Amino acid sequence: EPGLYIVATPIGNLGDMTLRALGVLQGAAMIACEDTRVTGKLLKHFGIKGRLQRLDDHASPETRTWIIDEARRMPVALVSDAGTPLISDPGYRLVREARAAGVNVVSIPGACAAVSALSIAGLPSDRFLFAGFLPVKDKARSEALTGLADVTATLVFYETAPRLERALLAIAELWPDREVAVARELTKLHEECRSGTAASLAAHYAAHPPKGEIVLLIGPPTDAEAPVLDADAMLKAALVDAGPG
Ligand code: SAM
């Protein structure tokens with residue numbers, strides 16, 4: 001079937017490749033990818049010969065138009081280096097323009113680091129806000145976090161190992177009481193998920209510098225942070241207003 005297939009690939013463990021993903025990549029007339037070497041290796045592992053076309057964040061509008069034209073006539077796949085395309089990865093413009101052009105856009109779901117981390121962190125998972133990568137600079141990072149202070153949901157970020165400690169210190173300053181979790185190297189040999197206060201995690205990772213890929217999660221606001229509403233005083237005031245003389 002012609003169309004644009006958005007195909008998730010593993011985030012470390014090749015066993016997480018899905019049967020549908022293999023079938024679609026096998027049958028795709030073209031596979032758009034971030035890095036042809038990375039995707040080439042993945043395809044080789046599974047014995048798939050694909051026609052690769054690079055499509056990263058800097059792709060020209062003409063490249064996208066051309067890919068969309070191909071997807072009108074034959075099956076075209078989009079993959080990223082790891083995990084689900086468009087989730088802190090390229091593809092948003094391509095999907096948007098393909099849909100606008102009436103091309104069938106099909107999801108082939110699979111691994112996604114944010115969702116995997118949320119599924120094991122033990123933080124509230126009924127509401128979450130995925131906010132991608134935090135800014136690198138201290139001031140911008142703190143501002144970004146402050147902007148999310150009132151969100152009553154678990155916050156999920158992608159982070160890199162060299163920046164983890166500074167991010168945790170910034171969180172400790174803003175929200176000393178919140179429960180924080182660090183999910184590292186998901187699906188890989190050294191997978192770990194640690195939780196605690198941001199300060200305790202910062203101390204841990206200062207002593208044990210982390211390696212690898214990281215998802216950072218912050219629990220929703222605690223009672224200690226909730227604006228103090230004096231319910232008694234409000235009730236009394238209301239009763240006085242309504243009461244007889
Ligand atoms: N599209 C991908 C997905 O669906 O998860 C994410 C791509 S983003 C460019 C890469 C970031 O995802 C890494 O810096 C890290 O924060 C996170 N990540 C990817 N693989 C991971 C893993 N195995 N364990 C923990 N975090 C991972």
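Residues numbered from 1 in each chain as written. Predicted model: local features only at pLDDT ≥ 70, side-chain atom pairs only at ≥ 80, totals over all residues.

### Thoughts on the overall build of the chain
Piece 1. Scanning the chain from terminus to terminus reveals nine helices and 10 strands.
Piece 2. Radius of gyration (C-alpha) of the chain: 23 Å, far over the 18 Å computed for a compact globule of 245 residues.
Piece 3. Principal-axis analysis of the C-alpha atoms gives the chain an extent of 80 × 55 × 30 Å.
Piece 4. The proportion of buried residues among the 245 residues of the chain is 33%.
Piece 5. Contacts spanning at least 24 positions in sequence make up 74% of the contacts within the chain whose residues lie at least 6 apart. (Helix = DSSP H or I, 4+ residues; strand = E, 2+ residues; numbered from the N terminus. Rg over C-alpha atoms; globule rule 2.2 N^0.38 Å. Buried ≥ 20, exposed ≤ 12 C-beta atoms within 10 Å, placed from the backbone. Contact = placed C-beta atoms within 7 Å.)

### Quick look at the packing of helix 7 (residues 161-174) against helix 8 (residues 198-207)
Piece 1. Two elements in contact, helix 7 and helix 8, have axes whose closest approach is 8 Å; the angle formed by their N-to-C orientations is 155°. As the angle between them shows, helix 7 and helix 8 are arranged roughly antiparallel. Handedness of the crossing formed by helix 7 with helix 8: left-handed. In this structure, helix 7 uses Leu-164, Glu-165, Leu-168, Leu-169, Ile-171 and Ala-172 to contact helix 8, whose residues at the interface are Ala-198, Ala-199, Leu-201, Ala-202, Tyr-205 and Ala-206.
Piece 2. A class-by-class count of the residues in the contact of helix 7 with helix 8 yields 11 nonpolar, no polar and one charged. (Axes fitted to C-alpha atoms, helices over the stretch in contact; angles between N-to-C directions. Parallel < 35°, antiparallel > 145°, perpendicular 65-115°, else oblique. Left-handed = near helix turned anticlockwise from the far one by under 90°. Nonpolar A, V, L, I, M, F, W, Y, C, P; charged D, E, K, R; others polar.)

### Brief notes about the nonpolar core
Piece 1. Counting residues in hydrophobic clusters, the biggest one holds 61 residues, and the most contacted among them are Tyr-5, Val-7, Ala-77, Ala-117 and Leu-217.
Piece 2. In this structure, Leu-217 is in contact with Ala-117, Leu-118, Ala-121, Leu-123, Thr-154, Leu-155, Val-156, Val-180, Ala-181 and Ala-183, ignoring residues within four places of it in sequence. (Core = buried A, V, L, I, M, F, W, Y, C linked by C-beta atoms within 7 Å.)

### Overview of the site of the ligand
Piece 1. Close contacts around the ligand come from 24 residues, with Gly-83, Ala-113, Tyr-158, Leu-186 and Glu-213 the closest.
Piece 2. Among the secondary structure elements, those contributing two or more residues to the shell around the ligand are helix 5 (113-120), strand 7 (154-160), strand 8 (180-184) and strand 10 (213-218).
Piece 3. Looking at the shell around the ligand, its residues break down into 11 nonpolar, seven polar and six charged. (Near = placed C-beta within 6 Å.)

### Overview of the confidence of the model for the chain
Piece 1. Mean pLDDT over the chain stands at 95; residues scoring 70 or higher make up 95%.
Piece 2. Scoring the predicted complex yields pTM 0.92 and, for the interface, ipTM 0.99. (pLDDT = per-residue confidence, 0-100.)

### Details of the packing of helix 3 (residues 61-73) against helix 4 (residues 92-100)
Piece 1. Contact geometry of helix 3 with helix 4 gives a least axis separation of 10 Å together with a crossing angle of 50°. In this view, helix 3 runs oblique relative to helix 4, as classed from their interaxial angle. Viewed along their axes, helix 3 and helix 4 form a crossing whose handedness is right-handed. Each of Arg-64, Ile-67, Ile-68 and Ala-71 in helix 3 lies in contact with helix 4, whose residues at this interface are Arg-93, Leu-94, Glu-97 and Ala-98.

### A short note on the environment of His-190
Piece 1. Inspection of the secondary structure assignment puts His-190 in the loop between strand 8 and strand 9 (192-196).
Piece 2. With 22 residues separating them in the primary sequence, His-190 and Gly-212 have C-alpha atoms 9.1 Å apart.
Piece 3. Not counting residues up to four positions away in its chain, the partners in contact with His-190 are Glu-185 and Gly-212.

### Details of the pairing of strand 2 (residues 30-33)
Piece 1. Two strands pair when backbone bridges link them, and strand 2 and strand 4 (residues 75-78) are joined in this way by three bridges, in the parallel orientation. Directly across from Ala-32, in strand 4, lies its bridge partner Leu-78.
Piece 2. This β-α-β element, strand 2 to helix 2 (residues 36-45) to strand 3 (residues 52-54), shows right-handed connectivity. (Pairing = 2+ DSSP bridges. Right-handed = clockwise from strand over helix to strand, strands pointing away.)

### Topic: the environment of Gln-53
Piece 1. When you line up the elements, Gln-53 lands in strand 3.
Piece 2. Placed 24 residues apart in sequence, Gln-53 and Ala-77 show a C-alpha to C-alpha distance of 9.9 Å.
Piece 3. Apart from residues no more than four positions distant in its own chain, Gln-53 is found in contact with Met-30, Ile-31, Ala-32 and Ile-67.

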